[in-house]
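# What the coordinates show
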Amino acid sequence: MATTWLKALHSGGNPIEYVLNTKKTRGSELIDSYECDSFTAQSEFLLSKELYAKITGRDQGKHAVMAYHMRMSFKPDEVSAEQALELGKELALRWTKGKHQYVVASHTNTKNPHAHIIFNSVNLSCERKFNDFKRSAIALRRVSDQLCLERGLSIIENPALSKGYNRDEYLGQRKPPTAREKLKGLIDKAITESHDFNAFIAALEAAGVDVKRGKQLAFKLPDSRKFCRLDTLGNDYSMDAINERLAGKQNLLFEIQDKIQQCYRETPSSDLKEISKTLLFLKEHSITKRELLAHKAKAATTLFHEHNARRKTIETRLGEIEFLQKQNAVYTKTKEVFKQYRDGGFNKKFYSVHQLEIEAHRDAKRAFLSLGFKRLPSVDSLRNEHHLLDAEMKVLSRGFRSERDEMIALLRAKDTTDRFLSDPVQRHSKTHELEAR
């Protein structure tokens, strides 16, 4: 489970000094930097602000943001301090795209490993600044989540529900837990590792918990004397609540994340990146079943092709209408001349003088007959039909890109999911099939 946050830092004080604290970084062993010296980074960041002001003519003075501070925290015992540093460096590189100086430090002063990142608000060329944008915390969380998923690390399952959590309690950084709290923690862990109730009980027993069945389940920790009944742990730990949580884990998201954690060491990094992106996509779109994913992919494909076919039909018909309007105008314009030619007995002298009008009239009439018209279509009917079809075409065209992108995203998610969750032999054969294409 990794948490992140982003905070703007102004010129006052020296926030980098806190990050570089030797007592928290094993005597500066757990410190790294990019395109700057970590111990002179504060001065370098301030100098870049002056260069930025000279180059761009924009100077916000004391209101200018000097840098941004990110913190990436992990579940206790999930990563080492060295791994937290590497993950912090990777997060910084992905977030800044290598365009900003930054300092990264991993702290060991708490039970939960965590990395601090401070990056310069001004880019390396001193011509642009990073401006914090709306919902940047969500964007940062996505980058962090993908990074963790690629390495088989856990993430917060439902960030929206964890908005008001007590951080110290959530990360285990508090006074020693009571026996009940320990038991709740073991129950939570067993639920995350289990697909059904029997597996849940087996996971608790494997953790050293004694289980007593009866009218009410009761559990006893290895270092406890008494059993604790399930119904005394609160509504979130009732039999119904546990069964509901277990049922919620029997879904596509759990299946993918469980397999990532099991196989991430044997899976190529490119495949991990792809399936991690897919997992985040499925989470954001609340797709928890393979059947639902297949249904959505099929529905999006059908809708796109139906609308695309309709667009082509309208496009063809608009071309026909424009052709008919043109021929109609020619026919009407030359109608009187052709009438005179016909009433005059098709006089050759008259023809030689008005040949262009007469032939244009005949061509227009042939065009109508070739399209099956026995009577000349009215100008108003053609104009009205063109107006309605043009309006429909504009609506369909506005949705073209979003419908196409949704179809591609769902098809890609389905293909990636199917390949990742297939057995190794089947996945190997699919890879060879793609390479053969």
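Residues numbered from 1 in each chain as written. Predicted model: local features only at pLDDT ≥ 70, side-chain atom pairs only at ≥ 80, totals over all residues. Heavy atoms only, no water.

### Quick notes on the nonpolar core
One finds F74, F119, I256 and L282 to be the most contacted residues of the largest nonpolar core, which totals 44 residues. Excluding residues that lie within four positions of it along the chain, F119 makes contacts with L6, F45, A67, Y68, M70, W95, T96, H100, Q101, Y102 and F130. Membership of the second largest hydrophobic core comes to 19 residues, among which are L183, F219, L221 and I242. (Core = buried A, V, L, I, M, F, W, Y, C linked by side-chain atoms within 4.5 Å. Buried < 20%, exposed > 50% of the residue type's maximum accessible area, 1.4 Å probe, protein only. Contact = heavy atoms within 4.5 Å.)

### Considerations on the environment of F420
Looking at where F420 falls in the secondary structure, it is placed in helix α14 (residues 379–421). When the C-alpha atoms of F420 and I275 are compared, they prove to be 7.3 Å apart, with 145 residues separating the residues in sequence. (Helix = DSSP H or I, 4+ residues; strand = E, 2+ residues; numbered from the N terminus.)

### Let's talk about the sheet that holds strand β7 (residues 218–220)
With antiparallel pairing, three strands are arranged side by side in an open sheet as β6-β7-β8. The sheet terminates laterally at β6 (210–212) and β8 (228–229), the two strands that pair on one side only. Examined bridge by bridge, β7 and β8 share two bridges and lie antiparallel to one another. Along β8, the bridge assignment pairs A218 with R229. (Pairing = 2+ DSSP bridges.)

### Some remarks on the confidence of the model for the protein chain
The predicted model of the protein chain has a mean per-residue pLDDT of 84, with 89% of residues at 70 or higher. Below a pLDDT of 50 lies the segment residues 160–174, which in the model reaches 22 contacts outside its immediate sequence neighbourhood of four places, other chains included. This stretch, residues 424–437, has a pLDDT under 50; its non-local contacts, to residues over four places away or in other chains, come to seven contacts. (pLDDT = per-residue confidence, 0-100.)

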